Amino acid sequence: MDQLMAQIEQYKKEIKDEVISSKDELEAFRIKYLGVKGVLKSIMGEMKNVPADKKKEAGLMLNEFKQMVESYYQELALNFENAGSESTDKPDVTLPGQPFTIGTRHPISIVHNKIVSIFQRLGFSVAEGPEIEDDWHNFTALNLPENHPARDMQDTFYISQNPDWLLRTHTSSVQIREMEKGELPLRIICPGRVYRNETISARAHCFFNQVEGLYIAENVSFADLKQTLYFFVKEMFGADVKVRFRPSYFPFTEPSAEMDISCLICGGEGCSVCKKTGWVEILGCGMVHPKVLDNCGIDSNKYTGFAFGMGIERITMLTYQVKDLRLFSENDVRFLRQFTAAL
Ligand code: PHE
């Protein structure tokens, strides 16, 4: 039995040292090891000398060796086959390449890029921040102290590891981080994913994308806010779209408003998308509350500013007339492939 083992080890070494650089040498290898009178056959013959209680172990060992030799031979044979075809035929460089599919941009990305580029033309730069936020940046600094009823406007996912941590409910948290840096004037947009604990339906999801904007300088007025948003709407949806502002409430802006545009689907006639009103809401906005400026160490007697926030999904649904928000996150290529054109 030990002798058999030593023999196999010896053959393994020999196999490694074999030089096989031609088909003839490969054939010689096959005959030597795998042939009818080859090494494998002869050590198989040794089995009869192995005592009965060791037969099983020896059988396993032999089998393993056999498989090793066979797969080594097959590997070499394959190499020679491939090399053979290469040496006889020169590659035909005029043949067309293998076709491969190129993905398309996600509709949310297309609209995101367009929104960003419109505001960049007005001098806004892009700011980003973490998706896991602390209570201060997402709520308290934005004039939403603990127990403030307006916290219920945004159902929040908290992180169980630390009660102070949460998934940001809006990218206003990024605005706080930028204001805290104290570099004024400040003109930024904050695109990014936000999370709210909402029941998933055609019109709501537990996550979506926002672009929020902030402009802080001396003498910024509501007129600047309106002019900026008018410009945005005309660039985004075309010159014919009508705009209206409705008074609203946000704890971090005063006064606050919501902006509607005339329904792109029915042109203002009234349909199911605009709920027969002819108008659809696209964003919230207002003048930054002085308390928010103070919270970030900005002198609210000297500086004023405006802020706004919109959902990219909503803008995308209006642009492409998509009726169900869930399509954006289902990764169905039949849906996604439809959005190839640049806006
Ligand atoms: N942060 C608000 C939201 O997510 C949107 C908003 C931003 C409103 C800035 C006013 C000013 O609902």
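Just so it is clear, the structure is predicted and the values come from calculations on it, not from any experiment. (Residues numbered from 1 in each chain as written. Predicted model: local features only at pLDDT ≥ 70, side-chain atom pairs only at ≥ 80, totals over all residues. Heavy atoms only, no water.)

Trainee: Summarise the nonpolar core; cite the residues concerned and give the values.
Mentor: Ranked by size, the top nonpolar core spans 45 residues in total, and within it Ile115 and Ile282 carry the most contacts. Among the elements of the structure, helix 5 (107–121), strand 5 (207–217), helix 8 (222–237), strand 7 (253–262), strand 8 (279–288), strand 9 (304–311), helix 10 (312–320) and helix 11 (333–336) are those that each provide at least two residues to this core. In terms of residue count, the dominant contributor to this core is helix 5 (seven residues). The contact partners of Ile115, leaving out residues within four places of it in the chain, are Val211, Phe232, Met236, Met310, Ile312 and Ile315. Grouped together as the second largest cluster of nonpolar side chains are 24 residues, Phe139, Ile176, Val292 and Leu293 included. (Core = buried A, V, L, I, M, F, W, Y, C linked by side-chain atoms within 4.5 Å. Buried < 20%, exposed > 50% of the residue type's maximum accessible area, 1.4 Å probe, protein only. Helix = DSSP H or I, 4+ residues; strand = E, 2+ residues; numbered from the N terminus. Contact = heavy atoms within 4.5 Å.)

Trainee: I'd like a rundown of the domain arrangement of the protein chain, residues and numbers included.
Mentor: Segmenting the protein chain into domains produces domain 1 (2–83) and domain 2 (107–336). In this structure, domain 1 and domain 2 have C-alpha centres spaced 72 Å apart. (Domains from an automatic or database assignment.)

Trainee: Could you give an account of the pairing of strand 6 (residues 243–250), naming the residues involved and the relevant values?
Mentor: Sheet analysis places strand 6 next to strand 7, joined by seven bridges and oriented antiparallel. Paired with Pro247 across the strands is Ala257, a residue of strand 7. The turn linking strand 6 back onto strand 7 is made up of two residues. (Pairing = 2+ DSSP bridges.)

Trainee: Account for helix 2 (residues 23–34), with residues named and values stated.
Mentor: With twelve residues, helix 2 should reach 16 Å at 1.5 Å per residue; the first-to-last C-alpha distance of 16 Å fits that figure. Regarding helix 2, the residues found buried are Leu26, Phe29 and Tyr33. What you see down the axis of helix 2 is that its buried residues fit within an arc of 55 degrees, all on one side. (Expected span 1.5 Å × (residues − 1). Arc of directions from axis to C-beta.)

Trainee: Residues and numbers for the packing of aromatic side chains, please.
Mentor: Applying the stated rule across the entire model yields 15 aromatic pairs. When the centroid spacing of 5.8 Å and the interplanar angle of 70 degrees are considered together, the rings of Phe29 and Tyr72 count as edge-to-face. With a gap of 43 residues between them, Phe29 in helix 2 and Tyr72 in helix 4 (residues 55–88) connect regions that are remote in the sequence. Taking relative accessible area as the criterion, Tyr72 reaches 25% and is therefore assigned partly exposed. Centre to centre, the rings of Phe335 and Phe339 are 5.0 Å apart; their planes meet at 70 degrees, and the pair counts as edge-to-face. Phe339 shares its class with Phe335; the two are buried. (Phe/Tyr/Trp six-rings, centres within 6.5 Å; stacked < 30°, edge-to-face > 60°.)

Trainee: Which residues make up the pattern of salt bridges, and what values go with them?
Mentor: Applying the stated criterion to the full structure yields 13 salt bridges. Of the charged contacts in the structure, one is a salt bridge between Lys66 and Glu70, with a shortest N-O distance of 3.8 Å. Residue Lys66 and its partner Glu70 are both found in helix 4; the two are separated by four residues, about one turn of the helix. Exposure remark for Lys66: the relative accessible area of 30% places this residue in the partly exposed category. Note that Glu133 and Arg177 form a salt bridge whose closest N and O atoms lie 2.7 Å from each other. Of the two residues, Glu133 sits in strand 2 (residues 132–134) while Arg177 sits in helix 7 (residues 172–180), which places them 44 residues apart along the sequence. (Salt bridge = Lys/Arg side-chain N within 4 Å of Asp/Glu carboxyl O.)

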